[in-house]
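Chain and residue survey
Below are the chains, spelled out letter by letter.
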Amino acid sequence: MLQLFNLCTYEEEMQLFNKDSGILRAFMGNHNLDGVELYIDHPWNPAIIPQQVVKGVHLPYWSNWLDFWNGNTQELLDQFGTHENIVQYYGGASRATFVDKYRVALDKAIATGAAYVVFHVSNARLLELFTYNFAYSDAQVIDATIELVNAVTEGLNSTITLLFENLWWPGLTLRDQSLTRQLLENVNHPNVGIMLDTGHLMNTNPSLLTEKEGIDYIMKTLAELGSCAKYIKGIHLHRSLSGQYINRTKKNSPQGPYSGMDIMNHVMKIDEHLPFSIPDVRRIIDFIQPDYLVHEFLYDSMNDWIHKITKQQQALYGTS
């Protein structure tokens, strides 16, 4: 099992290492980390993040993409106001241009030499992020994702592993074994699997109050997945206990309009990305025996980052 950490090519994150690959490698060595799962927003510079340390790449994600995919123009205009805004957000006006954006991102990931890429399977309109009154079902999102991924990977000259990540909005929540199997069995790419996000799974149950309850819930969900659990190749390991905030917001949802910062702050309050702190978390690792364990956190400084990685490793192994 490789221990990884999440990293983005944003300028702010590159500055945490002073854009110095030596500092990056020292950080990895100090914390028994084998590499990074990279999100490529700004261009990837292998002089700063060497190819040898890039083990996975997280593909970009549009949270409300299904109206665009289905050609629901009026709904898009209600959300975005103008055709120009729609084109700007999705990178074009047709399915083909949307597929091309994903293909470009996938080609960039392959160029890093990464062993796997991560693809979010979910959909929610902006207002639905607050109200939880969703227009699309899990099954509809799964069906559309199969279409999209098969279009993106058609003719792809690579066997890079494609790992589907669960979220708490409609799509792949891992709460339905049959839908999980449908996704895995109907994507044409030869190497597919699941990236279990423990915090996202905890977000599907707002009644959770403690880490112990969260771990028990995760283990119960994994048991109910049956043989589909064997497809879990990686884990985004972090915890989220935001149920009180979720329930409060659902009852008193702001009606918008929302700025990008409003949405980001709201999602971050739900998806806390905090470290596990109790040894019970080891049950998840022992059950899955993943190839990749990603310590996935939000952080505002190097000290904050180190604190969170150390805390979670101490819970897992009794050391950092």
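Residues numbered from 1 in each chain as written. Predicted model: local features only at pLDDT ≥ 70, side-chain atom pairs only at ≥ 80, totals over all residues. Heavy atoms only, no water.

**Description of the packing of aromatic side chains**
Following the criterion strictly, the structure yields 22 aromatic pairs and no others. When the centroid spacing of 5.1 Å and the interplanar angle of 70° are considered together, the rings of Trp 62 and Phe 98 count as edge-to-face. Placement of the pair is Trp 62 in the loop between β3 (54-58) and α3 (66-69) and Phe 98 in helix α6 (residues 95-111), with a sequence separation of 36 residues. Looking at Trp 62, the relative accessible area reads 9%, which means it is buried. Given the relative accessible area of 0%, Phe 98 is considered buried. Site record: aromatic cluster; members linked through ring pairs are Trp 62, Trp 65, Phe 68, Trp 69, Phe 80, Tyr 89, Tyr 90, Phe 98, Tyr 102, Phe 119 and Phe 164. (Phe/Tyr/Trp six-rings, centres within 6.5 Å; stacked < 30°, edge-to-face > 60°. Helix = DSSP H or I, 4+ residues; strand = E, 2+ residues; numbered from the N terminus. Buried < 20%, exposed > 50% of the residue type's maximum accessible area, 1.4 Å probe, protein only.)

**Examining the sheet that holds strand β2 (residues 35-39)**
What the eight strands build is a closed barrel, ordered β1-β2-β3-β4-β5-β6-β7-β8; its pairing is parallel. Each strand of the sheet is rotated relative to its neighbour by a mean of 30°, with strand direction disregarded. Pairing of strand β5 (residues 161-165) with strand β6 (residues 192-197) involves four bridges; the strand directions are parallel. Bridging across to β6, Leu 163 finds its partner in Gly 193. (Pairing = 2+ DSSP bridges. Axes fitted to C-alpha atoms, helices over the stretch in contact; angles between N-to-C directions.)

**Some thoughts on unusual backbone geometry**
For residues that are not glycine, phi is negative in most cases, and the peptide bond is trans in most cases. In this structure, Lys 19 is a non-glycine residue whose phi angle is positive, near 55°. In this fold, Lys 19 is placed in the loop between α1 (11-16) and α2 (21-30). Residue classification places Lys 19 among the partly exposed positions, given a relative accessible area of 38%. Non-glycine residue His 273 carries a positive phi angle of around 55°. Tracing the backbone shows His 273 in the loop between α13 (260-270) and α14 (282-288). The exposure class of His 273 is buried, given its relative accessible area of 10%.

**Quick look at the layout of surface pockets**
Computed from the structure, the largest pocket encloses a volume of approximately 1,600 Å³. If you trace the largest pocket, you find 44 residues lining it, with Tyr 10, Tyr 39, Met 264, Val 267 and Leu 298 closest to the centre. Elements that contribute at least two residues to the lining of the largest pocket include exactly β1 (2-8), α1, β2, α13 and α15 (302-317). Per element, the largest residue contribution to the lining of the largest pocket is six residues, and it comes from α13. In this structure, the second largest pocket encloses a volume near 250 Å³. Taken together, 15 residues line the second largest pocket, and the ones lying closest to its centre are Ile 40, Pro 60, Lys 101, Ala 105 and Lys 108. At the level of elements, β3, α5 (83-90) and α6 are the ones that each hand at least two residues to the lining of the second largest pocket. (1 Å grid on protein atoms, 1.4 Å probe; cavity = no way out; pocket = protein on both sides within 12 Å on 5 of 7 lines; lining within 4 Å. Points joined across faces, edges and corners; volume = space filled by probe spheres on them.)

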